[in-house]
Amino acid sequence: QGLPKAGSMAVLLATSHSAPVWAPTADAFEEALLCPGLDRQFIVRSLDGRQLNAAPGDCCPRSVLPEEGYDDNTQLAHLDEANMLLNLSTRYEAGQIYTYVGTILVAINPYAELPLYGEERMRTYRGRPMRALAPHPYAIADLALRLLSRDREDQSIVVSGESGAGKTETCKTILRYLAFRSTAGSEAHSRADGRAAPARSLERQVLATNPALEAFGNACTLRNGNSSRFGKLVRTLLDPATCEIGGAKIDTYLLERSRVSSVPIGERAFHIFYQLCAGLPAERAEALGLSGGAASFRYLCAGGQTQINGVDDGEEFSAVLAAFETMGVPADALEEVWTLLAAVLHLGNVTFAEAPGQHGRVIVVPDVAVIDDPLNAVAATGNGGKGSAALAQAARLLGLDEEQLELALTKRAVRSLAGREAGVVANLDLFGASAARDGLCKGLYITLFSAVVGALNARLGALGAPEAAELLSPLRLSPNARTPEAMHNHLASPKSMSPNALAAIAAMTPGKGKPAKWASPRLSSPQQTRTLQSVSLLDIFGFECFERNGPEQLLINYANERLQRFFLGRVLDDELALCRAEGVPTPTGLTVGAGAECVAMLDQRAGPGLSMGIIRILEDEANVPGASDKSFATRVHATHAQHQCFVSARVTRGKNSRRSIAPSGLGAVSGPLGTSEGFVVKHFAGEVVYSSAGFLEKDSDALHAEIDEIVRDASLRLRLPSEAQPYVVAKSNGSAVAKAGDILAQAGNGFAARIARFMPVTAGGGGVANGEGGGGERIASVANAAAGGGVRR
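Residues numbered from 1 in each chain as written. Predicted model: local features only at pLDDT ≥ 70, side-chain atom pairs only at ≥ 80, totals over all residues. Heavy atoms only, no water.

The next thing to look at is the overall build of the protein. Across its full length, the protein carries 23 helices and 28 strands. Looking at the protein as a whole, 53% of its 793 residues qualify as buried. Restricting to contacts in the protein with at least 6 residues of sequence separation, those with at least 24 account for 67%. (Helix = DSSP H or I, 4+ residues; strand = E, 2+ residues; numbered from the N terminus. Buried < 20%, exposed > 50% of the residue type's maximum accessible area, 1.4 Å probe, protein only. Contact = heavy atoms within 4.5 Å.)

Summarising the element assignment, His 637 is placed in helix α19 (residues 629-640). Among the polar contacts made by the side chain of His 637, one reaches the main-chain carbonyl oxygen of Gly 678 at a distance of 2.7 Å. (Polar contact = N/O pair within 3.5 Å; in protein donor to acceptor, adjacent residues only side chain to side chain.)

Here we come to the sheet that holds strand β25 (residues 678-683). Taken in spatial order, the 3 strands make up an open sheet running β21-β25-β26, and their pairing is antiparallel. The sheet terminates laterally at β21 (646-647) and β26 (686-691), the two strands that pair on one side only. Pairing of β21 with β25 involves 2 bridges; the strand directions are antiparallel. When the sheet's bridge partners are listed, Val 647 is paired in β25 with Val 680. With respect to the sheet, helix α16 (residues 551-581) is in contact with β25 and β26, its orientation differing from that of β26 by roughly 150°. (Pairing = 2+ DSSP bridges. Axes fitted to C-alpha atoms, helices over the stretch in contact; angles between N-to-C directions.)

This part is about the nonpolar core. Residues Phe 216, Phe 273, Trp 338, Leu 341 and Leu 405 are the most contacted members of the largest nonpolar core, which totals 114 residues. No other element matches helix α14 (residues 430-463), which puts 14 residues into this core. The residues touching Leu 405, leaving out its near neighbours within four places in the chain, are Leu 347, Leu 391, Ala 394, Ala 395, Leu 400, Leu 440 and Ile 710. Residues Tyr 558, Val 599, Leu 618 and Val 636 belong to the second largest nonpolar core, which totals 23 residues. (Core = buried A, V, L, I, M, F, W, Y, C linked by side-chain atoms within 4.5 Å.)

Attention now moves to the pairing of strand β6 (residues 104-109). The buried count for β6 comes to 6 of 6 residues, which makes it a mostly enclosed element. Side-chain alternation along β6 places Ile 104, Val 106 and Ile 108 on one buried face and Leu 105, Ala 107 and Asn 109 on a second face that is also buried. In the sheet, strand β5 (residues 98-101) pairs with β6 via 4 bridges, with the strands oriented antiparallel. Within β6, the position partnered with Tyr 100 by the bridge is Leu 105.

Here we come to the pattern of salt bridges. Two side chains that carry opposite charge are able to pair once their charged atoms sit near each other. With the rule as written, the count across this model stands at 27 salt bridges. Linking Glu 162 and Arg 223 is a salt bridge whose minimum nitrogen-to-oxygen distance equals 2.9 Å. Pair noted here: Glu 162 is in the loop between β7 (155-161) and α5 (167-188) and Arg 223 is in the loop between β8 (218-219) and β9 (227-228), with a separation of 61 residues, a long-range link. One salt bridge in this structure joins Arg 712 and Asp 708, with 3.6 Å as the shortest N-O distance. Here Arg 712 pairs with Asp 708, and both are found in helix α21 (residues 705-717), just 4 residues apart, close to one helical turn. Residue class for Arg 712 comes out partly exposed when judged on its relative accessible area of 33%. By relative accessible area, Asp 708 is classed as buried at 5%. In the salt-bridge network here, residues are joined through shared partners; they are Arg 229, Glu 256, Arg 259, Glu 267 and Glu 544. (Salt bridge = Lys/Arg side-chain N within 4 Å of Asp/Glu carboxyl O.)

Bringing the side chain of Ser 261 into the picture now. Summarising the element assignment, Ser 261 is placed in the loop between β11 (245-253) and α7 (271-279). Ser 261 has contacts with Tyr 299, Asp 438 and Lys 442, leaving out every residue within four places of it along the chain.

To continue, consider the confidence of the model for the protein. The share of residues in the protein with pLDDT of 70 or more is 72%, and the mean pLDDT across the chain is 76. Residue range residues 370-386 is modelled with pLDDT below 50. Its contacts to residues more than four positions away, or to other chains, number 28 contacts. (pLDDT = per-residue confidence, 0-100.)

A few words on the packing of aromatic side chains. On inspection of all chains with the given rule, the structure shows 15 aromatic pairs. On the basis of an interplanar angle of 20° and a centroid distance of 6.3 Å, the ring pair of Phe 646 and Phe 679 is categorised as stacked. Of this pair, Phe 646 sits in strand β21 while Phe 679 sits in strand β25, and the two are 33 residues apart along the sequence. Residue Phe 646 is classed as buried on the basis of its relative accessible area, which comes to 6%. By way of ring pairs, the aromatic residues Tyr 117, Tyr 125, Tyr 138, Tyr 177 and Phe 180 are connected into one cluster. (Phe/Tyr/Trp six-rings, centres within 6.5 Å; stacked < 30°, edge-to-face > 60°.)

Right, let's talk about the pairing of β11 for a bit. Counting buried positions along β11 yields 9 of 9 residues, so the element is predominantly enclosed. As judged from the 8 bridges shared by strand β10 (residues 231-238) and β11, these two strands associate in the antiparallel manner. The residue bridging Leu 238 from the neighbouring strand is Ile 245, located in β11. The hairpin turn running from β10 into β11, its antiparallel successor, is 6 residues long, and Cys 243 in that turn takes a positive phi close to 65°.

Along the chain, Asp 142 falls in helix α4 (residues 137-151). The spacing of Asp 142 and Arg 128 is 14 residues in sequence and 7.8 Å in space, taken between C-alpha atoms. With residues near it in sequence (within four places) discarded, Asp 142 still touches Tyr 125, Arg 126, Gly 127, Arg 128, Tyr 177 and Arg 181. Among the polar contacts made by the side chain of Asp 142, one reaches the main-chain amide nitrogen of Gly 127 at a distance of 3.0 Å.

Among the 9 residues in helix α18 (residues 614-622), 7 count as buried, and that is most of the element. Looking at α18, one finds that the buried residues are Ile 614, Ile 615, Arg 616, Ile 617, Leu 618, Glu 619 and Glu 621.

Below, the discussion takes up the packing of helix α13 (residues 402-410) against α21. Where α13 meets α21, the axes come as close as 8 Å, and the angle between the chain directions of the two elements is 130°. Taken together, the axes of α13 and α21 are oblique relative to one another. For the pair α13 and α21, the contacting residues are Leu 405, Ala 408 and Leu 409 in the first and Glu 706, Ile 707 and Ile 710 in the second. Residues of the contact of α13 with α21, tallied by class, amount to 5 nonpolar, no polar and 1 charged. (Parallel < 35°, antiparallel > 145°, perpendicular 65-115°, else oblique. Nonpolar A, V, L, I, M, F, W, Y, C, P; charged D, E, K, R; others polar.)

Let us look at unusual backbone geometry. Its identity as a non-glycine residue notwithstanding, Arg 152 has a phi of 55°, on the positive side. Relative to the elements of secondary structure, Arg 152 occurs in the loop between α4 and β7. Exposure remark for Arg 152: the relative accessible area of 44% places this residue in the partly exposed category. In this structure, Leu 254 takes a positive phi of about 50° despite not being glycine. Tracing the backbone shows Leu 254 in the loop between β11 and α7.

Turning our eyes to something else, we now look at the packing of α14 against α21. At a closest axis distance of 10 Å, the pairing of α14 and α21 adopts a crossing angle of 25°. Here α14 is positioned roughly parallel relative to α21, judged by the angle of their axes. With respect to the hand of their crossing, α14 and α21 are arranged in right-handed fashion. Between α14 and α21, the contacting residues are Ala 436, Leu 440, Gly 443, Leu 444 and Thr 447 on the first element and Ile 707, Ile 710, Val 711, Ala 714 and Ser 715 on the second. Looking at the contact of α14 with α21 residue by residue, the classes come out as 7 nonpolar, 3 polar and no charged. (Left-handed = near helix turned anticlockwise from the far one by under 90°.)

Here it is, written out as structure tokens:
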């Protein structure tokens, strides 16, 4: 029934006895027996004797494991997918959620508190070889510090995985270890200049950034009660000799701004809204119009979920206030933040209707009162029937006249192609007015988020070493460094690689056996030498596949495609290069695998013989008058119908319905979906069906001038610390004062450019980081997975 695919299977097929194997099923592997049959043929039977529809050559020999499994999958007698999953499952059932795969740490989320952490456990991992103790994120962090100290090279730790796999918690675990080592180092090497105490304060501030960032950037989703809806890169500068933290900075990207005004069913908006409603003192809540709680706001009830089981939003708000206090952000500076958040909520309750007999003119109607069923609403009289109380509250909180705000939401000034006002005012229709309202709310929230991140960075920078501010500016390639195109199949000299280099491989210059040269930001003095090195921690959103997938999922999965391709290029290509340089035989023609093709299909620019990528098509359609979601989807099909990573959205199920198959555990999409309604992309993690509805609206979000002006005026009112004025509460936060149209316009293309800045990918192979993450860094990795397995036993 077919030839075996592996040498070990050939041995099994040569025996006359039944042999234990793993038989592939539709979504996993099943424990089975390979039994001899007639005419020297073999059949596959389940343990209960049923004959299975599996070819013997597709089965895998079943490894015999110790009671708690192996702490490194490379110790398996048969190294294949089924036995790796078996080992992970065995360890998980034994309470061991961490397992190595060579130099990679795999973490399976138990969704429970385990006694695996704390200062006492940290002490046991300090300075110990990676495999001297049980697998743990502490070991990965300690390895990065030891390599930092030994080689004086920047390090990177990449945390990736599916949505809900525990990436955020893993990142916090690693940061706590870095802070622990820094505190221990500063106590053991107290400096004569008295900087040991401020360093410990800096460590507390690094840890205090988490509650603030999670409040403004995380939300409850169907998968995860505390899902990061943005990506972040935390760069920590340390003294290689003492591991003392000398500076830190947080870079963020792709905040899911659509969650402000559009919350999926069963999910919540950003945590901070609910925390604000539950945690403000009664007097302050009344002043902001929040006395009714989260249930009185349309944006917060849209998903039908206002509570998280086991979470007290009021207590969480107190933790956020404590975090800002630790960061040194004055309480009075936060008052304007709470005011703008309340304004966003009240704006969300503003609704519109066509004025009777006025040729489509749109007016603001009385408030929408949220009733017991949060997915439905009824009209209420609101403000005595003379106007909208929600509009009045929003105007008051924004410092605007009520009529002025209504005009901005229902009309816009017509401008020429040159941007000059034509002296004509156009009425917005119902869709346009709603889009203006939602756009204003998203613009205000993005401004707030940027200001909060800027304030956190300002306070981190204020306590950092003088050198840190210059070193934490963006890194650039030096003139003699390799270009991304030259990174593939590079060779390493054995002399340049230490025995532990496999743990975190450095990129090598082709043919010279020397590390690639990367230009750090220039220091103030030519004689000044660099005394601090960085450990960069990348926490990227996980791969997502829901019942309904939109542009947010496309960009998140695109980022994961880039990261996957980058990871394979750095780890596998470098492993192969090292083996070949040391004379270790490697299979001829072995390649990293697929990945670049999907990335190119998503972000490739049009050129001779090159089709325009899906994200580029979206950008192009956003600038075409009269374009729609249907025209976008139709164009995507016309461009990529024959691409190997593209599947027609029209998949038949029965006679009149269609569906797409999603990977196990990621959810299937069912129902009619034609070529003008969506498309299917074959990602490395599985197929995902994207519904084109809302793509153009969510991607553009450009604000007309009147709304733009309101956002800018609001940003000027913020008095949070900025990187320009970290100690004094500024009248205007320069980091937040950005043109709203620039922030919001064409999110997909802007995100693609930013991802490419530090994860370059070429059509030929892997790349290396050359942007925000710090090029030339060594990389350790933590891969998170949701609890489960994929092996049925």
